[in-house]
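Structure at a glance
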Amino acid sequence: MLKTAAARTRLAGITSTLSNRSTSRNMASSAPAIKLYGAGTPNGRKVLAALEELKQVYGTQYEYQKIDLSDAKLEQKEPWFIKLNPNGRIPVIEDREAGFPVFETGAILAYLQQKYDVQNKFGFVGEREKSEVLQWMFWANAGLGPMMGQAGHFIRASEQLPYAQNRYIDESKRLLGVMEIRLKENNGWLVGDHYSIADLNAYCWVVAHSFIRIPSLDEWPAVKSWFEAIAGRDAVKAAYAL
Ligand SMILES: N[C@@H](CCC(=O)N[C@@H](CS)C(=O)NCC(=O)O)C(=O)O
C-alpha cells in the first residue's frame, strides 16, 4: 500500500518508462537484424545473393535500401553513408543485433557466414578450408574484381586507350585461367567439396565477363560449368531479379 500521492506518482512514472522501453524494444526486434545498403552492381549483388542464400536455408530476414549511385545523386558519398562506410562505396550492412556496420564485400560475406550460417552450408569447419575460403576471397577481391572492373572502365571510357584495355582484359583472362586450374583440381568448387561464399564472391565478378569483350567462357570449361551451376541457384536468381 503506497502511503503518499508523491509515491504513487513516482511509481506511475517508473511503470510508464518501463512500458515505453519495452514498446521500443518490441519495435526494434520486429525490424530485421540486418539492413543492406546496396545497388544492382557486382558487389551489391554479391551481398544480396548471400542474404538470399541465408533466407532460403534459415529464413533470415533482411531489409534492403537501394543507394542511388548516379552522378546526380552520389548517395554513397553523403555524410550519413560515410559514417557507415568511410570508403563511400556500396555495399555496407548494419547488424542491428550487434550494433555495428560492416563494409567490404569480403568482410561482409565472412561476417554473415560466421554469424548466421550456423550449419556451415556456405562455409567449412576445417581449419584448412576456412583459410582457403579467405585465400580465394582475397584473391578475387584483390585480383579478379579490380581487373575486370578496370577493363570495363577503359572499354567504356570516352578516351579509348587500347593499351589499358588490353592490359586489364588480358589480366582478367589470366585470372579465369587460374580459376580453371583450381576448379579442375578441386572437383568443381573453389574450396572443399561444396559451394561456399568463396564461389559466390567470385561468381558475381565472372558474371561481368561479357561486358569486357569476353563473349563466352568456352575457353575455360570448368569455369563455365561452375558458373552455370551457381547461376541456376534459386537464391542467386532471386538476387539478380531484385
Ligand atoms: N572493395 C569494395 C568495392 C566496392 C565498390 O567498388 N562498389 C562500387 C559498386 S560495385 C561503388 O560503390 N561504386 C560507386 C563509387 O565508386 O562511388 C568491396 O568489395 O566492397
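Criteria and cut-off values
Residues numbered from 1 in each chain as written. Predicted model: local features only at pLDDT ≥ 70, side-chain atom pairs only at ≥ 80, totals over all residues. UniProt positions renumbered as here; feature names shortened; annotations may be inferred. Near = placed C-beta within 6 Å. Helix = DSSP H or I, 4+ residues; strand = E, 2+ residues; numbered from the N terminus. Nonpolar A, V, L, I, M, F, W, Y, C, P; charged D, E, K, R; others polar. Pairing = 2+ DSSP bridges. Axes fitted to C-alpha atoms, helices over the stretch in contact; angles between N-to-C directions. Contact = placed C-beta atoms within 7 Å.

Going by the annotation in an unreviewed UniProt entry, the name recorded for the protein is Glutathione S-transferase C-terminal-like protein, with Mycena chlorophos given as the source organism. Under the Sequence similarities (unreviewed entry) heading, UniProt states for the protein: "Belongs to the GST superfamily."

Attention shifts here to the site of the ligand. With respect to spatial proximity, the complete set of residues near the ligand consists of Thr41, Pro42, Asn43, Gly44, Leu69, Gln76, Gly88, Arg89, Ile90, Glu104, Thr105 and Asn141. With 3 residues, helix H2 (residues 42-58) is the largest single contributor of residues to the shell around the ligand. Partitioned by chemical class, the residues of the shell around the ligand number 3 nonpolar, 7 polar and 2 charged.

With respect to the helices and strands, Thr41 occurs in the loop between strand E1 (34-38) and H2. Once the C-alpha coordinates of Thr41 and Tyr240 are considered, the two residues, 199 residues apart in sequence, prove to be 9.5 Å apart.

Here we take up the sheet that holds strand E2 (residues 62-66). Within the open sheet, the 4 strands sit side by side as E2-E1-E3-E4. Their pairing is mixed. The sheet terminates laterally at E2 and strand E4 (100-103), the two strands that pair on one side only. In this sheet, adjacent strand axes meet at a mean angle of 20 degrees when their direction is disregarded. As defined by bridge partners, strand E3 (residues 92-95) adjoins E4 across 4 bridges and the pair is classed as antiparallel. Within E4, the residue paired with Val92 across the bridge is Phe103. Sitting on the sheet, H2 is in contact with E1, E2 and E3, with an inclination near 155 degrees to E1.

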